[in-house]
Amino acid sequence: MITAVPISHDRIAGHFTKADSFIFINGEGRVVCHHINPARESGCAGKKALLNLLGKQKTERVITRNIGERMLGKLLDRNLAVFQIDHSQLDTQILGASENLPLTALTDSSQGRRSVNYETKKESGGCGCHHDEEHETGEKTEGCHQHGGKRCCQH
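Residues numbered from 1 in each chain as written. Predicted model: local features only at pLDDT ≥ 70, side-chain atom pairs only at ≥ 80, totals over all residues. Heavy atoms only, no water.

Enquirer: I keep staring at the overall build of the protein chain and nothing clicks. Help me out?
Expert: A tally of regular secondary structure across the protein chain gives 4 helices and 7 strands. Along the protein chain, helices (α) and strands (β) appear in the sequence β-β-β-β-α-β-α-β-α-β-α when read from the amino end. Relative to all contacts within the protein chain whose residues are 6 or more apart in sequence, the contacts with residues 24 or more apart total 46%. Put simply, the protein chain shows about 9100 Å² of open surface, and 44% of that area lies on carbon and sulfur atoms. (Helix = DSSP H or I, 4+ residues; strand = E, 2+ residues; numbered from the N terminus. Contact = heavy atoms within 4.5 Å. Areas by Shrake-Rupley, 256 points an atom, 1.4 Å probe, with all protein chains shown as cover.)

Have a look at this one:
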């Protein structure tokens, strides 16, 4: 089982998408790889890249201290097991274990933190993307498109 853990300053990061990097730990507690967090400064495209990275690493479980409700929902939609830990101490042997962990299972997106930034962006017209809306021409857009130099907040 591969477990992804967000890391900042050699500790478990305070927030999932704002971590400096991610480590991927196998079931024996060994770090199998380490990647810079693509979501750190790339907006919506970076968050999509982070989800792709988790898939490429065959991640089955994520351990985090805090996570937003939208990202939590996306992880759960991908059938990842998501757990919250209440401290920042990094012990890969413990985090790689599959039982007796001091973790809280997150099973619903409502357990994540609400994004004030997302709500503000939404109130001001969003990121510039037209998510499955019909344009004046009657053309329907689907998924992520780039509009007005901004990236889609849905993907």
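Enquirer: How do you make sense of unusual backbone geometry when you look at a structure like this?
Expert: Working note: non-glycine residues mostly have negative phi, and peptide bonds are mostly trans. Of note in this structure, His 9 is not a glycine but carries a positive phi near 55°. Tracing the sequence through the fold places His 9 in the loop between strand S1 (2–8) and strand S2 (11–12). Owing to a relative accessible area of 69%, His 9 belongs among the exposed residues under this scheme. The phi dihedral of Asn 79 falls on the positive side, at around 60°, and the residue is not glycine. Residue classification places Asn 79 among the exposed residues on the basis of a relative accessible area of 69%. (Buried < 20%, exposed > 50% of the residue type's maximum accessible area, 1.4 Å probe, protein only.)

Enquirer: What exactly am I supposed to notice about the environment of Thr 64 here?
Expert: On the secondary structure map, Thr 64 appears in strand S5 (residues 59–64). Taking the relative accessible area as the measure of exposure, Thr 64 reaches 0% and is therefore buried. Counting along the chain gives 57 residues from Thr 64 to Ile 7, while the straight-line C-alpha distance between them is 9.2 Å. Excluding residues within four positions of it along the chain, Thr 64 makes contact with Pro 6, Phe 16, Val 82, Phe 83, Gln 84 and Ile 85. Polar side-chain contacts of Thr 64 include one of 3.0 Å to the backbone oxygen of Asn 66. (Polar contact = N/O pair within 3.5 Å; in protein donor to acceptor, adjacent residues only side chain to side chain.)

Enquirer: Help me understand the pattern of salt bridges, please; the structure alone is not making it clear to me.
Expert: Under the defined criterion, the tally for this structure stands at 2 salt bridges. In this structure, Arg 40 engages Asp 20 in a salt bridge whose closest nitrogen and oxygen atoms are separated by 2.6 Å. On the criterion of sequence distance, the pair formed by Arg 40 in the loop between strand S4 (31–36) and helix H1 (43–56) and Asp 20 in the loop between S2 and strand S3 (21–25) is long-range, its members being 20 residues apart. Residue class for Arg 40 comes out partly exposed when judged on its relative accessible area of 44%. We note a salt bridge from Arg 114 to Glu 69, for which the minimum N-O separation is 3.5 Å. You can see Arg 114 sitting in the loop between strand S7 (103–106) and helix H4 (116–123) and its partner Glu 69 sitting in helix H2 (residues 69–77), a full 45 residues away along the chain. (Salt bridge = Lys/Arg side-chain N within 4 Å of Asp/Glu carboxyl O.)

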